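Breakdown of the fold
The residues making up each chain are set out below.
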Amino acid sequence: QVQLVESGGGLVQAGGYLRLSCAASGGTFSSYFMGWFRQAPGKERESVASISWSGGTTYYADSAKGRFTISRDNAKSTVYLQMNSLKPEDMAVYYCAAGTRRGNYKYWGQGTQVTVSS
């Protein structure tokens, strides 16, 4: 069983930045494909970014390309999401997820709120 705990959310002005972290425990972190998702009020959950087991391959939603960067530190069992040039439409609860492969996420964190003021 893998436990995921997100942190780093908060209130930021439009144009600002935040760095989200997701710390994993209870499993072999390097064996998991990791992803960041978000869900805004009244909207479906959507994928933001994902990263392969070694960190060599990354994927981004169109809305995140050029502004967000996903990375991981397998020695620290942590995945990060650097979010720059934040927009009000980025406001959501952000979740990290772990799975054996991309699109097959079995474990989810509790989420961290990101609020962007205009």
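Everything below is about the structure printed above this text.
In what follows, the accompanying structure is described. The shown structure was predicted, so the numbers you read here are calculated from the model rather than taken from an experiment.

**Some details on the nonpolar core**
If you look at the biggest cluster of nonpolar residues, it comprises 29 residues, and the most contacted ones within it are Leu 4, Met 34, Trp 36, Leu 81, Met 83 and Tyr 94. For this core, the elements supplying multiple residues, two or more each, are β3 (18-25), β4 (33-39), β5 (46-51), β7 (68-73), β8 (78-83), β9 (92-101) and β11 (112-117). Once residues within four sequence positions are removed from consideration, Met 34 is found in contact with Leu 4, Cys 22, Phe 29, Ala 49, Ser 50, Ile 51, Ile 70, Arg 72, Val 79, Ala 97, Ala 98 and Tyr 105.

**Here's the deal with the pattern of salt bridges**
Think of it this way: side chains of opposite charge can pair up when their charged atoms draw near. Tallied over the entire structure, the rule returns four salt bridges. A salt bridge links Lys 65 to Asp 62; the shortest N-O distance between them is 3.2 Å. Assigned by exposure class, Lys 65 and Asp 62 land together as exposed. Asp 90 is the partner of Arg 67 in a salt bridge, and the nearest nitrogen-oxygen pair spans 2.7 Å. In this pair, Arg 67 sits in the loop between β6 (58-60) and β7 while Asp 90 sits in the loop between β8 and β9, placing the two residues 23 residues apart along the sequence. On the basis of relative accessible area, Arg 67 is assigned to the buried category, the value being 11%. Where salt bridges share partners, they join Arg 38, Glu 46, Arg 67 and Asp 90 into one cluster.

**Comments concerning the pairing of strand β10 (residues 104-108)**
With four bridges connecting them, β9 and β10 associate as antiparallel partners. Paired with Ala 97 across the two strands is Trp 108, which belongs to β10. Hairpin connection between β9 and β10: a loop of two residues separates the two successive antiparallel strands, and Gly 103 in this loop has a positive phi of roughly 85°.

**Here we look at the pairing of β7**
Of the two faces of β7, only one is covered, namely that formed by Phe 68, Ile 70 and Arg 72; the face formed by Thr 69, Ser 71 and Asp 73 stays uncovered. Pairing of β7 with β8 involves six bridges; the strand directions are antiparallel. Residue pairing across strands places Thr 69 opposite Gln 82, the latter belonging to β8. Hairpin geometry of β7 and β8 is characterised by an intervening segment of four residues between the two adjacent antiparallel strands and by a positive phi of about 55° at Ser 77.

Conventions used here
- Numbering of residues starts from 1 in each chain and follows the order in which that chain's sequence is written.
- Selection of residues for local features in this predicted model requires a pLDDT of at least 70, selection of side-chain atom pairs for listing and counting requires 80 or more, and totals for whole chains, interfaces and linings are taken over all residues.
- Side-chain metrics in this entry use all non-hydrogen atoms of the structure; hydrogen atoms and water are not considered.
- Buried Ala, Val, Leu, Ile, Met, Phe, Trp, Tyr and Cys residues that are joined via side-chain atoms within 4.5 Å together make up what is termed a nonpolar core.
- Type-normalised accessible area, obtained with a 1.4 Å probe on protein chains alone, sets the label of each residue: buried when under 20%, exposed when over 50%, and partly exposed for intermediate values.
- A run of H or I in DSSP counts as a helix once it spans at least four residues, and a run of E counts as a strand once it spans at least two, with each numbered from the N terminus.
- Residue contacts follow a heavy-atom distance rule, with two residues in contact if any of their heavy atoms lie within 4.5 Å.
- The term salt bridge refers to a side-chain nitrogen of Lys or Arg lying within 4 Å of a carboxyl oxygen of Asp or Glu.
- Strand pairing requires that DSSP identify at least two bridges connecting the strands.

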